[in-house]
Structures are given as structure tokens and as C-alpha cells.
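This is what each chain is made of:
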Amino acid sequence: MSLAENLAIVFVAGLVTALAAGIGALPFLYFDTISDRRNVVLWGIASGVMVAASTFGLLDEGLAAGTPLELGAGIVAGVVLVVVARRALSGADVGPRAYAEADRRKLALILGVLTVHSFPEGVAIGVSFADLGLEGGLPLLGITVPLLAIFMTVAISIHNVPEGTAIAIPLRSMGIADWRLVWWAIFSSLPQPVGAVLAFAFVRLARDLLAVGFGFAAGAMIYLVASEFVPEAREIGEGLPGGGLRELAGGFALGVLVMVPLLAI
């Protein structure tokens, strides 16, 4: 296959994960609210899925593709990029109301913030497709797809469902129409297919840096879990017994268990 065909496949995989975020908004077509308890559990599931995918998928493959030093350099680079990008966009008012009322300038700013949040997940998809079309993968529709790529696409899709719910909750409270909730949930993850394509092109052209790419994606995603997902869950669960720690831990464990069948493969 040509590079363009490979890029198209990777873009579609990234788009699938973005569309999965819309699933998280679908319950609001039938229910007005989701309880804080369930919301904390959902954040726990998202965190467990991402940590399992990063640890047993990306980091494991990174060690197989290069040295621990290369992998470590990638991890540091992933964390640093997210931190620097966040600081550059600090103070930006891009809350849910801004989503619905954005002009072109505000929309560009929102896209910048969403890119910081979703881009690492797209990078994870892109690097996982590094061996697309090569031996050792799973034949699908005449194309050999790496098992890691299937694993990461499924993992990030699962992870995006509760993220879509988190986006939809405040929008629903502002009276945003049902199907627009689904659109804004998907919109929040649209940087992922772009990140997937860029990362795939990079690792295909510079395969000697594949371990760095795996480390970058894993480091950025684990950092996002620690700095965003867990604090968000703790804030939501403040009014629950024990601050919602039981719900968060249970959701996290469930997220890891969800990935066990794929890890076995």
C-alpha cells in the first residue's frame, strides 16, 4: 500500500475513537442527569483503561522497539509537551458555555485546548500502527493490522465514552439540545485523528525513533490521567462518602479489567 493509503487507514482509526466520545452523550437523549457517583465511576474507568493501555501496550512495545533510555526520553518529552502547552493556554476561558457560543477566535482557542487534551491519545493510535501492512499482524480486509493498533484503538474508544459523558453533563445543564450534545462530545476528540496521522507518518519515516514515540504517547497519557482525570473525579466526588475514593478506585479497577481480554490477545 502507498503511504497515502496507510495514512487514510490510520485517520479512520482515529476518527472511530473520536466518534466513540459521542456515545457518552447518548444517555442524555433519555435521561436528564447522571449522578455524581456514576460520574466518578466513569472517570475511574477512563483512567484505568488509559493506564492499562499505556503500561501494558505502549511501554511494553517501546521496550521491545528500543532501549530504556530511548523510552524514558520519550516519556519525559510527552509530559513536558503537555505541561508547556497547558501553560501557554493557561487562563483561557473555554468552558462548556464557550463551546456553544464560540465565535471564530474563541473556537480556535478551544481547539488549542482540546488538542492539548486529545492529541496524545491520537499519537498513541498513530505509533501503534507503525507496523501497518507488515508481517505479524491480523489480516483485516486484505490488510495486515498490528495487534497493538487494534488494542489501542479499542482502548481509547472505551476511554472516550466517559469523556463524552463528562462533556455532555454541563452542556445539558445549560439546556443544549440533545443531538448537539453528541456533536460537542465528538468535537472534543477531533484532534485525535490528526494526531494519529502525524504520529504514524513520523514513526514510519523515522523508525529508529519508534521507542521514543511509544514513550511519548504513554508519558503524555499517564500524565493526563494523574493531572486531569483523577483530580476531576475527586472534585465531582467531594460530596460522596469518603470523597468518592471508593467509586474512583472501583471504576479504575474495572477499567483495567476491561482491558484484560485484549491484553491476553
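Residues numbered from 1 in each chain as written. Predicted model: local features only at pLDDT ≥ 70, side-chain atom pairs only at ≥ 80, totals over all residues. Heavy atoms only, no water.

**Student:** How do you make sense of the side chain of H159 when you look at a structure like this?
**Tutor:** The residue H159 is located in helix α6 (residues 147-173) in this model. The residues contacting H159, other than those within four sequence positions of it, are A46, V49, M50, E121 and F229. (Helix = DSSP H or I, 4+ residues; strand = E, 2+ residues; numbered from the N terminus. Contact = heavy atoms within 4.5 Å.)

**Student:** Would you mind showing me how to read the packing of helix α3 (residues 68-88) against helix α9 (residues 210-236) here?
**Tutor:** Any two packed helices are characterised by how steeply their axes cross, that is the angle between the axes, and by the distance between the axes. Where α3 contacts α9, the axes come no closer than 6 Å and their chain directions differ by 45°. The angle between α3 and α9 falls in the class oblique. As α3 packs across α9, the resulting crossing turns out to be right-handed. Listed contacts from α9 to E70, L71, G74, I75, A77, G78, V79, L81, V82, V83 and R86 of α3 are A211, V212, F214, G215, F216, G219, A220, Y223, L224, S227 and E228. Along the lines of polarity and charge, the residues of the contact of α3 with α9 split into 14 nonpolar, five polar and three charged. (Axes fitted to C-alpha atoms, helices over the stretch in contact; angles between N-to-C directions. Parallel < 35°, antiparallel > 145°, perpendicular 65-115°, else oblique. Left-handed = near helix turned anticlockwise from the far one by under 90°. Nonpolar A, V, L, I, M, F, W, Y, C, P; charged D, E, K, R; others polar.)

**Student:** What am I meant to see in the packing of helix α1 (residues 3-23) against helix α8 (residues 191-205) here?
**Tutor:** Running from amino to carboxyl end, α1 crosses α8 at an angle of 145°, the nearest separation of the two axes being 8 Å. With respect to the hand of their crossing, α1 and α8 are arranged in right-handed fashion. From α1, L3, N6, L7, V10, F11, G14, L15, T17 and A18 reach across to α8, where they touch Q192, P193, A196, V197, F200, A201 and R204. Tallied by class, residues from the contact of α1 with α8 come to eleven nonpolar, four polar and one charged.

**Student:** I would appreciate a short explanation of the confidence of the model for the protein in the present structure.
**Tutor:** It should be kept in mind that the predicted coordinates are not to be read in detail where pLDDT is low. On average, residues of the protein score 82 in pLDDT, and 85% of them reach the 70 mark or higher. Of all secondary-structure elements in the protein, the lowest mean pLDDT belongs to helix α4 (residues 96-101), at 51, while α1 reaches the highest, 90. (pLDDT = per-residue confidence, 0-100.)

**Student:** Would you mind going over a nonpolar patch on the surface with me for this structure?
**Tutor:** On the surface, a nonpolar cluster with roughly 500 Å² of combined accessible area is contributed by F56, L254, L257, V258, V260 and L263. No other element matches helix α10 (residues 245-264), which puts five residues into the nonpolar patch. Topologically, L263 is positioned in helix α10. (Patch = residues over 30% accessible without salt bridge, like charges linked within 9 Å, V, L, I, M, F, W, Y side chains within 5 Å. Areas by Shrake-Rupley, 256 points an atom, 1.4 Å probe, with all protein chains shown as cover. Salt bridge = Lys/Arg side-chain N within 4 Å of Asp/Glu carboxyl O.)

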